[in-house]
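Coordinates in review
Chain by chain, the residues run as shown.
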Amino acid sequence: MADEGKEIAWEEIHFSPIPSQTNIYGLTKVEGREEGNKVFLASLSGRVICLEYQQNWLVPSAREVPFTYIPDSAEIVSIDAFKRPEPSKQLVVGISLILLKNSRSHQKQFLNIYSALESKAEFSLESIAEGCQHFELDFVPFQLTHAEIFVKERKEVVFLLCGSDQSVHMFCEDRVQQRFEEQPVADYFPELQNLASNVLWLEVQTHQSRRITVLGCQDGHVKLAVIELAVQPSVIKEYSLNRDGPISSVKLFSLNPGQAHKPGEDHSDVDNSGKESSGDFNLLVCCTIEASIVFMDVINQGFSNMVTLPESDDFDSVTCACIADVDWDGCDEIILGTYGQEILVYKCVVTSANNVDFTLIWRRSFANPLFAVEYLDLTNDGVKEIAVASLAGLHVLQHNVDRTEKELVPEMNQTTSEYVKEMPPVT
């Protein structure tokens, strides 16, 4: 492997092979203080690998999780995980799969939802893997993701499953029965009705009383909708455009220092005039046969302010994307993974004409095509790593140790010193 770039640098610290290849829906992350951070990587052979680090020794542990009701002839299509809202915080894992019988014409599709059978085992992967609820599907599943809704003023997290029937299906938990049920998506997501094509990638972010939903379709259609959640969910803004090929990823992100938005976090998105804060929301759109593009200030300007990511179409299809502040300056960068075996990192810059542009600041070559990428603190040491799923397995890239020590340690020491000064005197 080779890498280029001076502003940032990563080193590979771990690689876990997988029994068969994964796909663009095969990687999901789980973050939590109690049990540490981890990632699940699903392979097409029906097996799921969990990678986590032992917190005291920073030793990687990659093991297969024995999820029940996944036959040997099954192929996993997508995996996702979330934690139930407070006070439970129990882990829930969803896995969609295709069960192959004699031929493709006789295949069956399923969604399995796993959670611990007992509250005391909420962090035990073995217990979670045994507690399965099984749904037979009459469509081929694609991306599985999750989003927040409010049921009688109580926050719930639901699974959203994109399908080959040009629909998005919602699975919500009945707390009384302690079972998930499929519910009409239109009751909570009016923006997901009457879709003209299969949705390949769905992004949902909730910010106080509003939700932003973006979907990318198989026919190249992209739609963004702003939903008012105050009383009954209603669409207050909607934009759409068409690209020339299937959409592999869409990502909402912020570039404002100190105001990076993450899914599931509440942030103020409206200024005193009632207008969404300019520049808070930008949209990355990745197409399989075209260059990736960013639409700036997309909530206020729609799809009118477009910036192309240079060289993003030079390495075959862009298969995956991630938004992260990888150079620690408070502003998010764009990470792209390609079928042409490259990781590309882009930074937003302001040109001399006061226009916004993106520049390629780092790239790295791999030995195999890339399918998914996540940015999280896997080693639980306060510094995030990049998890990259390739055709061969899972790679973990760590920030250069010398740079970390030079730039982050003094800042952490200063923060600790300031905190100590503010502490009241001991009496």
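Here the structure is shown first, and the text comes after it.
Parameters and conventions
Residues numbered from 1 in each chain as written. Predicted model: local features only at pLDDT ≥ 70, side-chain atom pairs only at ≥ 80, totals over all residues. Heavy atoms only, no water. Buried < 20%, exposed > 50% of the residue type's maximum accessible area, 1.4 Å probe, protein only. Helix = DSSP H or I, 4+ residues; strand = E, 2+ residues; numbered from the N terminus. Polar contact = N/O pair within 3.5 Å; in protein donor to acceptor, adjacent residues only side chain to side chain. Contact = heavy atoms within 4.5 Å. Pairing = 2+ DSSP bridges. Axes fitted to C-alpha atoms, helices over the stretch in contact; angles between N-to-C directions. 1 Å grid on protein atoms, 1.4 Å probe; cavity = no way out; pocket = protein on both sides within 12 Å on 5 of 7 lines; lining within 4 Å. Points joined across faces, edges and corners; volume = space filled by probe spheres on them. Phe/Tyr/Trp six-rings, centres within 6.5 Å; stacked < 30°, edge-to-face > 60°. Lys NZ or Arg CZ within 6 Å of the ring centre and 35° of its normal. Core = buried A, V, L, I, M, F, W, Y, C linked by side-chain atoms within 4.5 Å. Salt bridge = Lys/Arg side-chain N within 4 Å of Asp/Glu carboxyl O.

Quick look at unusual backbone geometry
We note that Asp-297 has phi near 45°; this positive angle belongs to a residue other than glycine. The exposure class of Asp-297 is buried, given its relative accessible area of 6%.

Side note on the side chain of Glu-173
Tracing the backbone through its elements, the reader meets Glu-173 in strand E13 (residues 168-174). Residue Glu-173 is classed as buried on the basis of its relative accessible area, which comes to 12%. Looking at Glu-173, its side chain comes within polar contact range of the side chain of Arg-84, at 2.9 Å. Apart from residues no more than four positions distant in its own chain, Glu-173 is found in contact with Arg-84, Gln-178, Arg-179 and Phe-180.

Describing the sheet that holds strand E12 (residues 154-163)
The strands making up a sheet associate through backbone hydrogen bonding, with each pair oriented either parallel or antiparallel. One open sheet holds the four strands; their spatial order is E11-E12-E13-E14, and the pairing between them is antiparallel. Every interior strand has two partners, whereas the edge strands, strand E11 (141-151) and strand E14 (179-183), have only one. On average, each strand axis in the sheet is tilted by 30° relative to the strand beside it, whichever way the strands run. Bridge analysis of E12 against E13 gives four bridges, and the strand direction is antiparallel. Its bridge partner lying in E13, Leu-160 is registered against Met-170.

Brief notes about empty space enclosed by the protein
Using a probe with the size of a water molecule, rolled over the atoms, empty space left in the structure can be pinpointed. Throughout the structure, instances matching the rule amount to one cavity of 30 Å³ or more. If you add up the space inside the largest cavity, you get close to 40 Å³. In this structure, the largest cavity is lined by Phe-82, Arg-84, Pro-85, Glu-156, Val-157, Cys-172 and Glu-173. At the level of secondary structure, the elements contributing two or more residues to the lining of the largest cavity comprise E12 and E13.

A look at the packing of aromatic side chains
Within the structure shown, the criterion is met by ten aromatic pairs. Both rings, one in Phe-295 and one in Phe-303, keep their centres 4.7 Å apart while their planes meet at 65°; by these two values the pair is edge-to-face. Here Phe-295 matches Phe-303 in class, with each residue buried. Cluster of aromatic residues (ring-pair linked, three or more members): Phe-40, Phe-67 and Tyr-114. If you follow Arg-364 out to its NZ or CZ, it ends over the ring of Phe-366, 5.9 Å from the centre.

So, the nonpolar core
In this structure, Leu-160, Phe-189, Leu-202, Leu-224, Leu-283 and Val-298 are the most contacted members of the largest nonpolar core, which totals 42 residues. With five residues, the single largest contributor to this core is strand E15 (residues 199-207). Counting residues in hydrophobic clusters, the runner-up holds 23 residues, among them Phe-67, Ala-81, Leu-125 and Ile-128.

Side note on the pairing of strand E28 (residues 385-390)
The element E28 is largely enclosed, with a buried count of six among its six residues. Both faces of E28 are covered, namely the face carrying Glu-385, Ala-387 and Ala-389 and the face carrying Ile-386, Val-388 and Ser-390. Two strands pair when backbone bridges link them, and strand E27 (residues 370-376) and E28 are joined in this way by six bridges, in the antiparallel orientation. When the sheet's bridge partners are listed, Glu-374 is paired in E28 with Ala-387. Bridge count between E28 and strand E29 (residues 393-399): four bridges; the pairing is antiparallel. Looking across to E29, one finds that Val-388 is bridged to His-395. Here E28 folds back onto E29, and the loop between the two strands holds two residues.

Some points on the pattern of salt bridges
A complete count under the given rule lists 17 salt bridges for this structure. Here Glu-156 makes a salt bridge to Arg-154, at a shortest N to O gap of 2.7 Å. The residue Arg-243 makes a salt bridge to Glu-290 at a minimum N-O spacing of 3.1 Å. Pair noted here: Arg-243 is in the loop between strand E18 (234-242) and strand E19 (247-253) and Glu-290 is in the loop between strand E20 (282-287) and strand E21 (293-295), with a separation of 47 residues, a long-range link. Under the relative-accessibility criterion, Arg-243 is labelled buried at 16%. Classification of Glu-290 as buried rests on a relative accessible area of 19%.

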